[in-house]
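Spelled out, the chains give:
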Amino acid sequence: MMKYKGYTGKAEYDDEAEIFYGEVIGLRDVVTFKGTSVRELHKSFRESIDDYLAFCKRMKKDPDIPASGKLVLRIPPELHSYASVSAKSEGKSLNSWVAEAVKDKLYARI
């Protein structure tokens, strides 16, 4: 994964074409990049982000942002209830309890 200006790029290698190619993930808009070397791939990634932001500015369009920090979930009422009770029993808001649970789950993968 590559990071630049808050955006994340994911790349793969095409052995047959001998080229790296990737896409900025987490956006509704499609932003791609490619390169024949890792250095070229990183340069193309950064240029693609800069081009995307410049395009949005020219079009007077707000660029997609990878994440706003707001997350709307649809879960079964029973799970919602269990989470609320668990949060309250730990003296936390449901929001902070869920954020901590997500963080713990993500860090467990690393």
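All values reported here derive from a predicted model rather than from experimental measurement.

Some points on the overall build of the protein
No. 1: Summing up its helical and strand segments, the protein has three helices and four strands in all.
No. 2: Secondary structure elements of the protein occur, N-terminal to C-terminal, as β-β-β-β-α-α-α.
No. 3: For 110 residues, the compact-globule formula gives about 13 Å, and the C-alpha radius of gyration of the protein, at 19 Å, lies well above that figure.
No. 4: On the principal axes, the C-alpha backbone points of the protein span a range of 55 × 40 × 20 Å.

As for the layout of surface pockets
No. 1: Its boundaries defined by the atoms lining it, the largest pocket holds a volume of some 410 Å³.
No. 2: Lining of the largest pocket is provided by 15 residues; of these, Leu71, Leu73, Leu94, Asn95 and Val98 occupy positions nearest its centre.
No. 3: Those elements that place two or more of their residues in the lining of the largest pocket are α2 (77-89) and α3 (94-108).
No. 4: It is α3 that provides the largest number of residues to the lining of the largest pocket, a total of seven residues.

Let's talk about the pattern of salt bridges
No. 1: Evaluation of the coordinates by the stated rule reveals six salt bridges.
No. 2: Among the salt bridges present, the one from Asp64 reaches Arg28, with a minimum N-O distance of 2.9 Å. You can see Asp64 sitting in the loop between α1 (38-58) and α2 and its partner Arg28 sitting in the loop between β3 (19-25) and β4 (32-35), a full 36 residues away along the chain.
No. 3: Between Lys43 and Glu47 there is a salt bridge, with the nearest N and O atoms lying 2.9 Å from each other. Of this pair, Lys43 and Glu47 both sit in helix α1, four residues apart, roughly one helical turn.

Cut-offs applied
- Residues numbered from 1 in each chain as written.
- Predicted model: local features only at pLDDT ≥ 70, side-chain atom pairs only at ≥ 80, totals over all residues.
- Heavy atoms only, no water.
- Helix = DSSP H or I, 4+ residues; strand = E, 2+ residues; numbered from the N terminus.
- Rg over C-alpha atoms; globule rule 2.2 N^0.38 Å.
- 1 Å grid on protein atoms, 1.4 Å probe; cavity = no way out; pocket = protein on both sides within 12 Å on 5 of 7 lines; lining within 4 Å.
- Points joined across faces, edges and corners; volume = space filled by probe spheres on them.
- Salt bridge = Lys/Arg side-chain N within 4 Å of Asp/Glu carboxyl O.

Shape descriptors only; they carry no functional weight alone.
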